[in-house]
Amino acid sequence: MSDWKLHQKSFEYEQIAPHLLPHSAWLGHRAFAYDLISFVKPQCIVELGTHWGASFFSFCEAVKDNGLAAKCYAVDTWEGDSHSGSYSKDVYGEVEQIAAALYPEVAVLIKSTFDEALQNFEDNSIHLLHIDGFHEYEAVHHDYHTWLPKVAENGIVLFHDISVQLHGFGVWRFWDELKAQHPSFQFDHSSGLGVLFPKGDTAYLEMYPHISQQLQTMYSDR
């Protein structure tokens, strides 16, 4: 953990669009996501399911602040589903405006289904994949397995909502299966965030399972 840094971060998008924040259950994970990207320095970040962009813009800002030669891709139809509800056209428009204003060299918005977007990425090219789409078991199972070939060796996959067991959510059940098969750790606050290493890990990634309690303590109240 000697190279891991805790940043006291005030996010740019929070200053220009504070009304976006109450819409997101991801707020409690922004600090960890920022510090993770600052530490790992991924070159290609892909998010499946963006909505208002609280998670996506946190990734973008970490890339920008660290001067990384990386791109962040947001994949979403911006139409909504039975869990999130239907989106108005204003949602995509505002996300587009923030991306262009604050992260023009980093953010790429792909307005499509997840399956349609697969063709945009080579196998083994994604260093950080965030899955936060439709939350039924079958949907997250499909999203993970269709996108797994795109994940790089030593790549990281994030799953949101692993703590929610209501309203037909099934991410928690799929997460229980995955963490029994691969190195991982998790956070239970803010609807839960699972951190998975599905294709093995390097020496510095091997430490994560052993410090999971320390990370939970560091970020659960941030």
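Residues numbered from 1 in each chain as written. Predicted model: local features only at pLDDT ≥ 70, side-chain atom pairs only at ≥ 80, totals over all residues. Heavy atoms only, no water.

Peer 1: Sorry, what's going on with the nonpolar core here?
Peer 2: Side chains that are nonpolar tend, in soluble globular proteins, to be buried together. One finds F32, F59 and Y103 to be the most contacted residues of the largest nonpolar core, which totals 48 residues. Each residue touching F32, except ones within four places of it in the same chain, is listed here: W4, F185, F187, L193, V195 and Y219. Counting 26 residues, the second-largest nonpolar core is a separate cluster that includes F121, I131, V140 and I162. (Core = buried A, V, L, I, M, F, W, Y, C linked by side-chain atoms within 4.5 Å. Buried < 20%, exposed > 50% of the residue type's maximum accessible area, 1.4 Å probe, protein only. Contact = heavy atoms within 4.5 Å.)

Peer 1: How should the sheet that holds strand β1 (residues 44–48) be read in this particular structure?
Peer 2: As a general point, the strands of a sheet are linked pairwise by backbone hydrogen bonds and lie either parallel or antiparallel. On the basis of which strands lie adjacent, the open sheet formed by seven strands has the order β5-β2-β1-β6-β7-β9-β8 and mixed pairing. Among the strands making up the open sheet, the edge pair consists of β5 (107–111) and β8 (184–187). Across this sheet, the average inter-strand angle for adjacent strands is 15°, counted without regard to direction. As paired elements, β1 and strand β2 (residues 71–76) share five bridges and run parallel to each other. If you follow L48 over to β2, its bridge partner there is V75. Packed onto the sheet, helix α3 (residues 54–65) meets β1, β2, β5, β6 (126–131) and β7 (151–160) and runs at close to 170° relative to β2. (Pairing = 2+ DSSP bridges. Helix = DSSP H or I, 4+ residues; strand = E, 2+ residues; numbered from the N terminus. Axes fitted to C-alpha atoms, helices over the stretch in contact; angles between N-to-C directions.)

Peer 1: Could you clarify how one ought to interpret the pairing of β6 in this entry?
Peer 2: Regular strands show a simple pattern: their side chains alternate between the two faces of the sheet. Burial of β6 is extensive: five of the six residues sit out of reach of the surface. As paired strands, β1 and β6 are joined by four bridges and run parallel to one another. Each bridged residue has a counterpart across the sheet, and for V46 the counterpart in β6 is L129. When β6 meets β7, the two strands line up parallel, connected through five bridges. Within the sheet, the bridge partner assigned to I126 lies in β7 and is V151. Each parallel crossover has a hand, and for β6 linked through helix α6 (residues 137–147) to β7 it is right-handed. (Right-handed = clockwise from strand over helix to strand, strands pointing away.)

Peer 1: Help me understand the environment of H167, please; the structure alone is not making it clear to me.
Peer 2: Take H167: it is sitting in the loop between β7 and α7 (171–179). Given the relative accessible area of 67%, H167 is considered exposed. For H167 and E136, which are 31 residues apart along the polypeptide, the C-alpha to C-alpha distance reads 9.1 Å.

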